[in-house]
Amino acid sequence: MKVSRGTLAICAGTVLLGIYLFVSAPPELPDRATVQGRMVPAETALALLDAENAAIRAIYAREIVGEGSKRGLAFREDWKKDGVAAGPLPALLLRETSNRLQMQVPEIGLFLGSDYPLVKENLFKGQQAVHYQEVKKTLRPKFFFDAAQGRTTAMFPDRASAQSCVTCHNEHPGTPKKDWVLNEPMGATTWSYAGRQVSPETMLHLVHQLRRSAVDAYGSYLQKVGGFAPEARPAVGDKWPRDGFFLPDRETFRRAVELQNSVNTLNSLFAAADAKAAAGAKR
């Protein structure tokens, strides 16, 4: 019997929920050794979160900004201002997601920085600036522990994956660099966690809160759309900009995120469990 991708994703999402409910149930007074044995490196959790976030950004950049721009939708840096009928650029949606995530999980930090940022607040400084040069050169993630802050930090290369990103940055009036090209590293998505290890419960909680924060951030755009003038207001429902002057509602966007991410996230969780079991077997 052939199983469709959508069915597989739904099944994976159900399994994820089952795992979440299982590991979230109050344990029967486990001893300290058992709890410590279930911990995984914080780097594993940060890599999982970055993969989730990258997929969400790709959906938004490609399906909302890229296709929406072709249909007459606008996306601007000042999208929050009164009277501006526009939505957030992908980097600004990430900022909205980050703000919501950190309100729910203060231990997590999420920052999109660059050595040529559009706004000075996003300029890498100090230790992060040094590490970013390595990321920029190797195009590989960089993990390090900031002893002064007590935080595990991970930097992931952020490349110009869409022509709309290249054009926007090259034509922006405040850009310090006007010759960006497709697939060039434009910066790094930087995650940090207050500690060196996390529990499986925490990993699942972080994934849940990231997805929730991203959908809420997208919801803030839809809320703004509700105040657009009728001629500038796309229809909000179960259709996407590729179908016309439309935007998906929160539920449609959420389902797309889950369809995109659930299988990969489940596989990452299995890989983390296998790695932990293998490490325990060597002791």
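As shown above, the structure is provided for reference.
Described in the following lines is the structure provided in the data block. Just so we're clear, the structure is a prediction, and the values are computed from it rather than from any experiment.

## A closer look at the overall build of the protein
At step 1: Along the backbone of the protein there are 8 helices and 8 strands.
At step 2: Looking at the protein as a whole, 43% of its 283 residues are labelled buried.
At step 3: Taking the intrachain contacts of the protein between residues at least 6 apart in sequence as the baseline, contacts between residues at least 24 apart amount to 66%.
At step 4: With an accessible surface of roughly 15,300 Å², the protein has 55% of that area assigned to carbon and sulfur atoms.

## Quick notes on unusual backbone geometry
The phi angle of most residues is negative, glycine excepted, and most peptide bonds adopt the trans form.
At step 1: The residue L139 is not glycine, and still its phi comes out positive at about 60°.
At step 2: With respect to the element layout, L139 can be found in the loop between α5 (126-138) and β3 (142-146).
At step 3: Under the relative-accessibility criterion, L139 is labelled partly exposed at 33%.

## Details of the sheet that holds strand β2 (residues 108-113)
At step 1: Read across the sheet, 4 strands follow the order β2-β5-β4-β3 without closing on themselves; strand pairing throughout is antiparallel. For this open sheet the edge positions go to β2 and β3, each flanked by a neighbour on one side alone. Geometrically, the sheet is characterised by an average inter-axis angle of 20° between neighbouring strands, direction not taken into account.
At step 2: In this structure, β3 lies alongside strand β4 (residues 151-159), joined through 5 bridges in antiparallel fashion. Of the residues in β4, the one forming a bridge with F143 is A154.

## A closer look at helix α6 (residues 163-171)
At step 1: Residues of α6 that are buried include every one of C165, V166 and N170, and no others. Seen from one end, α6 has its buried residues packed into an arc of 120°, which puts them on one side.
At step 2: Its buried side turned inward, α6 meets β5 (185-193).

## Regarding the side chain of R57
At step 1: Along the chain, the position of R57 falls in helix α3 (residues 42-70).
At step 2: Look at R57 and you get buried, because its relative accessible area is 18%.
At step 3: For R57, the residues in contact, after removing those within four places along its chain, are P90, L94, L112, D158 and T189.

## Quick word on the pairing of β4
At step 1: Counting buried positions along β4 yields 7 of 9 residues, so the element is predominantly enclosed.
At step 2: Counted between consecutive antiparallel strands, the loop separating β3 from β4 contains 4 residues, among which G150 sits at a positive phi close to 65°.
At step 3: Note that β4 and β5 share 8 bridges and pair antiparallel. In the strand pairing of β5, F156 is matched with T189.

## Overview of the pattern of salt bridges
At step 1: Enumeration according to the criterion identifies 16 salt bridges in this entry.
At step 2: Of the charged contacts, one joins R250 and D216 as a salt bridge, the two residues approaching to 2.8 Å between their closest N and O atoms. Taken together, the residues span a long stretch of sequence, with R250 in helix α8 (residues 250-281) and D216 in helix α7 (residues 200-225) at a distance of 34 residues.
At step 3: Note on D216: relative accessible area 26%, which makes it partly exposed.

Procedures and definitions
- Residues numbered from 1 in each chain as written.
- Predicted model: local features only at pLDDT ≥ 70, side-chain atom pairs only at ≥ 80, totals over all residues.
- Heavy atoms only, no water.
- Helix = DSSP H or I, 4+ residues; strand = E, 2+ residues; numbered from the N terminus.
- Buried < 20%, exposed > 50% of the residue type's maximum accessible area, 1.4 Å probe, protein only.
- Contact = heavy atoms within 4.5 Å.
- Areas by Shrake-Rupley, 256 points an atom, 1.4 Å probe, with all protein chains shown as cover.
- Pairing = 2+ DSSP bridges.
- Axes fitted to C-alpha atoms, helices over the stretch in contact; angles between N-to-C directions.
- Arc of directions from axis to C-beta.
- Salt bridge = Lys/Arg side-chain N within 4 Å of Asp/Glu carboxyl O.

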